[in-house]
Each structure stands twice: as structure tokens, then as C-alpha cells.
Amino acid sequence: MDGSDGAAVPPPLAAELEGAEDLILHCDSTFSRSCNQMVFDGGDRTDAVSNSPAGARSSPKKLPAPVSNIQIEILRLEDEFRHILVSRASNFEINSLVDLGSLSLNRSRSGDRMQELSDADGEDESFQRQRSEGSSSNHATSYRSTSSIREIDLLPPDAVNKLRNIADRLIAAGYDRECFQVYGGVRKSVVELCFNHLGIEKLSICDVQRLEWDTLESKIRRWIRAARACFRIIFASERRLCDRIFDGLSGDDTPFVESVKGAAIQLLSFAEAISIGRRSPEKLFKVLDLHDALTDLLPDIAIIFQSRALESINTQVVEIIARLAESVRGILSEFESAILREPSKIPVRGGTIHPLSRYVMNYISLISDYKQTLTQLINSRPPAANLLLGNNSGGVLPDMELPEPVNQSPFASHLIWIIYILQFNIENKAQVYKDASLTHLFLTNNLHYIVQKIKGSTELNEVIGDEYPRKLTAKFRQLATSYERTTWMKVLYCLRDEGLHVGGSLSSSVSKSSLRERFKAFNAAFEEVHRTQSIWSVPDSQLREELRISILEKLLPAYRSFLGRFRHHIESGRHPEMYIKYSTDDLEIALADLFEGCPPPLLGRRKSH
């Protein structure tokens, strides 16, 4: 084969050029027939190349005429390849696809309840309509479901066929690298556009770690939603499109790598930043959500990024999951230490439930919602109870032993340990009350609250079991009895017969002066209890009522009996109302004021006559 300038072309090169010319000419005739009014159909091919988009490809070097013509044909094919990729892309709204049931976790979460959607059930009408219409319209989105992955047609079938035809010619002519670059450049831009629609920001690891937690928490929630969309829709669909165009033509995954690897790395950098960030108790639940989301996505990621060129993505995800698991264990340990070290010594008003009790019990109630994950992640038991001695600053250990860890998971042991050290801390805080009765009431309130929180959570109750709550129940009932004894024994002591009889014998006459003093002492003691303990607080209505009934059952019979024996001695003298100030009904009405947490009305205005 001779060059146009008459120079001889070496035989090997001549054979190659002749084969390439045949290939390009065949491609040219095929495309002239199959692509109606393609952007480069007709006209002078040299002009078409010179008018192609700037930067699409550097101008070919001066070559012998046959070589230059081949270069021009290759350029034209590349530009047609790019044109089809850009102009024939299917229109779809990524945000409308994100809430598909397949994007949800397979587990339920407190505050973020997701329901698993099977491939066959639960599809809404729009989804069914889009699926049925997908084959009849070039721009309608069609779906193909494999497990939790939802693939969409990014290009209509006829465009895919034309792209594969062009790719076949370019790769056969040795222009595979150029073909992959064109493909990767266009599809990478589409993926970036989807990222923008999903709110995925380009943040470095340092940027993420500098964010305030409130801001970061909302970003984690958004990231989980976006990650499900990216791996299960966007990346899966890009994989499908790439396979349909290049399957059997490319020996590796270069086109797909060019399209999505950078985006996948960018997406995962956020989760990586969280996994190595500072550990603090408030982060536990979002770290668990992140861990569960990635764990749930891992099988899909393994399917989509299965080639050797992309195994680093799989490896990175596995490593992030492992670091998130370690972060969970570290946060739980930090939480336990924080409870033990909580330094507040300011008594809560009225002996009510301490904020620490509320915080800790609400925290572990939420923890128990993640019992499936945490049972797998927590693989060691908490430290022995005697370690408290090393952290104790003069406090007294609670009078309760930790249950033996028989048939108990390490996670269950940690929850019991958390409650144990909470009890330890509450016992120490109770010592700040100068009134022993208030100390007992404070402990009764808090231990009762702990038991009720355990019983009120099915998940927490299942994890902890029945033994430990039974011991706590026995403990708070013992404390309630101690409260009654400390408070009301001195009131009931005023109603004893001893010291009222002249000569000391019960059969002797009654000393009216002693009796008057006894009634005055009772009135004063009862009024003091009523005045002080009405502003004490028992928030739980059932416990409050149980305490009142228990007090009534002890006080009213004793007072009624005392009145029955000695009333006539007072009423026969002067000003009996100064000594017998209350009837049994008055006392019963007054006891209803106890533990309400507010100043009581004056007792004199509550008397019944």
C-alpha cells in the first residue's frame, strides 16, 4: 500500500493500515445506515472533526495520508460515542428513587423505623407503572431488581447497542484507552450530578471531624440515605450499563473504574472520618446506625465492586465497619466511666428522680434497640465490681452484688454493669441530704424509676432478664420501709400510752397535763411532716399512692385508737380544740398533699368537722 505522497509504506504497517481502513469503512457504512441524522452524518469528514468540541482530543500528528484518514475516522467515532452518551441519557429523578423500600435497612430502629420491602411486595403504583412502561419509551425509567439492588436503565436499548458497536470498532482498532476515557469522563459527570442532588458534600476527613455534633448528626442521617441510593441504585446501574456496552470487549474493569471509583472513595471518606473520630456517648447511636447501614450494604458492594481493580473499595468498607465496631466498644466503655465519674453533688429538689438516672436509663433503653448488633460487637465482659474501689472517692458501695453471668451475653453484662454503677453513683449522691427520710425517699424514687424503665422496655427486659430487676425491686421496697420508719415512727411515738397515767399504771388515772402535751406534740410532729414532705416529690403516681396508703394504714388506726381512749379527757376541759385539732378524716385529707412537690395549703383550712 502506497502513501499519498508517493512514499513507500513498510509492508507490516501497510497490512495494518489496510485492515484498519476496512474496519473503519465498515463502521462508517454501518453508522450511516443506522444512525438517523447523527451529529456527524454527511458533509466533509475533515470539517466534522475540526468542528468537534474543544479538548475532545488533541489534533493528530502529521502522518502519511492513510494514517491521517484513519485518525480522522477514529476521532469521528469517539465524538459520536460521546454524543450518544450525552444526548441519549435517560431522564430520571434520583430523589424520587431514594425512598424505595429496597434502600432501607433490614432492621428496625427506634426513632428511625424502616420496614423491609421484598422484591415482589409493597411496590407503589408509580414504581409498577414505570417498570411496565420502561420498554415502550426511551425516556421512561425501567427497573430490574436483584436482591436489594435496584438498577435503572441509564440509556435506552438502541443507544446501548450503538455504543457497543462503536466501542467494538474502537477497541479492535487499538483505541481502547481513548474509548474508556470518553466513557468514564461522561459517566463520572453524571455520577457527580447525582451526588449533588443527594446532598453529598466534598468534605475531607479533617473537615468532618471539625463539625459540631448537631450538624454532624444530621449529615450522618443524610449520608446513610445517600449511601443506600449510591450503592443500590447509582453504582449498580452504572455497573449494569458498563457491562452491557463493554462485556467481552474489555479485559478489565477500566470503564467502570473510570466512572465510579473516585466517587465511591469520596463517599466512603465521610464514614471513615466518623470511624476514627473522637468517642463520646452522644455519638453511639449514629455510629451504630452507620455501622449497620454499611454492614447491610456490604453484600451489595461486594457484588458491584467484585473485580480486582475495585477490590480496594470492598477492603475499605470492611475496614471502616471494623473501626466503627471498635468505636462502639470504646464509646460504651467511655459511657460507663462517665457514669462512674459524674461529679454532681447538688441535691435534687424534693428527692425526686436525678437527671443522671433519667439520662442513663433512657440511654440504655435506646441501646437495647440495637441488641442484635451489640450482642455481636460486645465480646468481653465489664470489669469486676471491685474496680469501683479504685474510682471511689469515699462513697459506699451499693448493698447489692452483681448477678453471676450464667447464660448471660457480654452485652447483657454491660447493661447490668451500667445500672450497677448508676446505683453506686446515686447512693453516693444520696449522702448530701441532711434529712435521713429524704435520703431514703430519694433512693426509693430512683431505684423504682430504674426498675420501671427496665420493665417498660421489652428489648431491655429481654436482654437483662428478671433476676436483677427483682433484686432492685426488693431494694427499693426496703428503702420505702426505711423512709416510713424514719419519718412516721416519731409521729406514732406521740400516740403511745406510756407516760400518760399517774403513778405509771395503765389502770391509774390519766394526767390531763401530760395528755395535753402529748396531743400538742402529735400535732406539731404531723404538721412538720406535712409542711416539709408536701414539697418532696414522688413523680410516679402509682408509687406515690402506694406510699400514701401504707402511711394511712399505720397512722389512722393508731390515731383513731388514741382518740377513742383519751378524747373525753380533753373535751371535758377548757379549749379542747387547741389539743384535738384533727379528726381522722382531716389526717386522711392532709396525707393527700404529700409528695406533690409543691407547698401545701394550711392545715387549719383543710379541717373537716
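You'll find the structure just up there.
Overview of the structure. Residue positions are counted from 1 within each chain, in the order its sequence is given. Whole-chain, interface and lining totals are the exception, using all residues; otherwise, since this is a predicted model, local features are given only for residues with pLDDT of at least 70 and side-chain atom pairs are given and counted only at 80 or more. Excluding hydrogens and water, the side-chain figures rest on all heavy atoms present in the structure.

1. Quick look at the overall build of the protein
Argument step 1. When helices and strands are tallied, the protein shows 22 helices and 2 strands.
Argument step 2. In the protein, which comprises 609 residues, the proportion classed as buried is 49%.
Argument step 3. Pairs of residues are marked as contacts when any of their non-hydrogen atoms sit within 4.5 Å. Taking the contacts inside the protein whose residues are at least 6 apart along the sequence as the reference set, 80% of them involve residues at least 24 apart. Helix and strand definitions here come from DSSP, where helices need a minimum of 4 consecutive H or I residues and strands a minimum of 2 consecutive E residues; each element is numbered from the N-terminal end. Three labels apply to residues, based on accessible area from a 1.4 Å probe with only protein chains included: buried if under 20% of the type maximum, exposed if over 50%, partly exposed otherwise in between.

2. A short note on the environment of Arg-544
Argument step 1. Within the secondary structure layout, Arg-544 lies in helix α21 (residues 541–571).
Argument step 2. Of the residues examined, Arg-544 reaches a relative accessible area of 17% and is grouped as buried.
Argument step 3. C-alpha of Arg-544 to C-alpha of Glu-596: the two residues are 52 residues apart in sequence and 8.7 Å apart in space.
Argument step 4. Among all residues touching Arg-544, those that are not within four sequence positions of it are Val-538, Pro-539, Leu-594, Phe-595 and Glu-596.

3. Let's talk about the packing of helix α13 (residues 355–368) against helix α16 (residues 410–430)
Argument step 1. Throughout, an axis means a line fitted to C-alpha atoms (over the contacting stretch in the case of helices), and angles, computed between N-to-C directions, take values from 0 to 180 degrees. It is the contact of α13 with α16, at a shortest axis distance of 11 Å, that shows an interaxial angle of 175 degrees. Our classification of the angle between α13 and α16 gives roughly antiparallel. Taking contact as the criterion, the partners of Leu-356, Ser-357, Val-360, Met-361, Ile-364, Ile-367 and Ser-368 in α13 are, on α16, Phe-411, Leu-415, Ile-418, Ile-419, Leu-422, Asn-425, Ile-426 and Lys-429.
Argument step 2. When residues are sorted by character, Ala, Val, Leu, Ile, Met, Phe, Trp, Tyr, Cys and Pro go into the nonpolar class, Asp, Glu, Lys and Arg into the charged class, and all the rest, Gly among them, into the polar class. Of the residues assigned to the contact of α13 with α16, the class counts are 11 nonpolar, 3 polar and 1 charged. An angle below 35 degrees is read as roughly parallel, one above 145 as roughly antiparallel, one from 65 to 115 as roughly perpendicular, and any other as oblique.

4. Describing helix α19 (residues 467–493)
Argument step 1. Between the first and last residue of a helix there are one fewer steps than residues, each counted as 1.5 Å, and that sum is the expected span. In this model, α19 (27 residues) spans 38 Å end to end at C-alpha, consistent with the 39 Å of a helix rising 1.5 Å per residue.
Argument step 2. The angle between axes fitted to the seven-residue stretch ending at a residue and the seven-residue stretch beginning at it gives the bend at that residue. Of all the bends in α19, the greatest, near 35 degrees, is centred on Thr-487.

5. Remarks on the packing of aromatic side chains
Argument step 1. Any two rings among Phe, Tyr and Trp, with Trp reduced to its six-membered ring, count as a pair given centres within 6.5 Å; such a pair is stacked if its planes are under 30 degrees apart, edge-to-face if over 60, and tilted if neither. One pass over the full model with this rule turns up 23 aromatic pairs.
Argument step 2. Ring centres of Phe-335 and Tyr-363 lie 3.9 Å apart, and the angle between their planes is 20 degrees; this geometry places the pair in the stacked category. In this pair, Phe-335 sits in helix α12 (residues 311–341) while Tyr-363 sits in helix α13, placing the two residues 28 residues apart along the sequence. The pair Phe-335 / Tyr-363 is uniform in exposure class, with both members buried.
Argument step 3. The structure contains a cluster of three or more aromatic residues connected by ring pairs, namely Phe-195, Phe-231, Phe-235, Phe-256 and Phe-305.
Argument step 4. Two thresholds decide whether a charge sits over a ring: the Lys NZ or Arg CZ must be within 6 Å of the ring centre and within 35 degrees of the ring normal. Seen from the ring of Tyr-449, Arg-358 lies directly overhead, with NZ or CZ sitting 5.4 Å from the centre.

6. Remarks on unusual backbone geometry
Trans is the prevailing form of peptide bonds, just as negative phi is the prevailing case for residues other than glycine.
Argument step 1. Even without being glycine, His-575 reaches a positive phi, approximately 50 degrees.
Argument step 2. Here His-575 is to be found in the loop between α21 and α22 (584–591).
Argument step 3. Phi is positive for Phe-595, close to 70 degrees, though the residue is something other than glycine.
Argument step 4. Looking at the element boundaries, Phe-595 is found in the segment after α22.
Argument step 5. With relative accessibility at 1%, the residue Phe-595 sits in the buried group.

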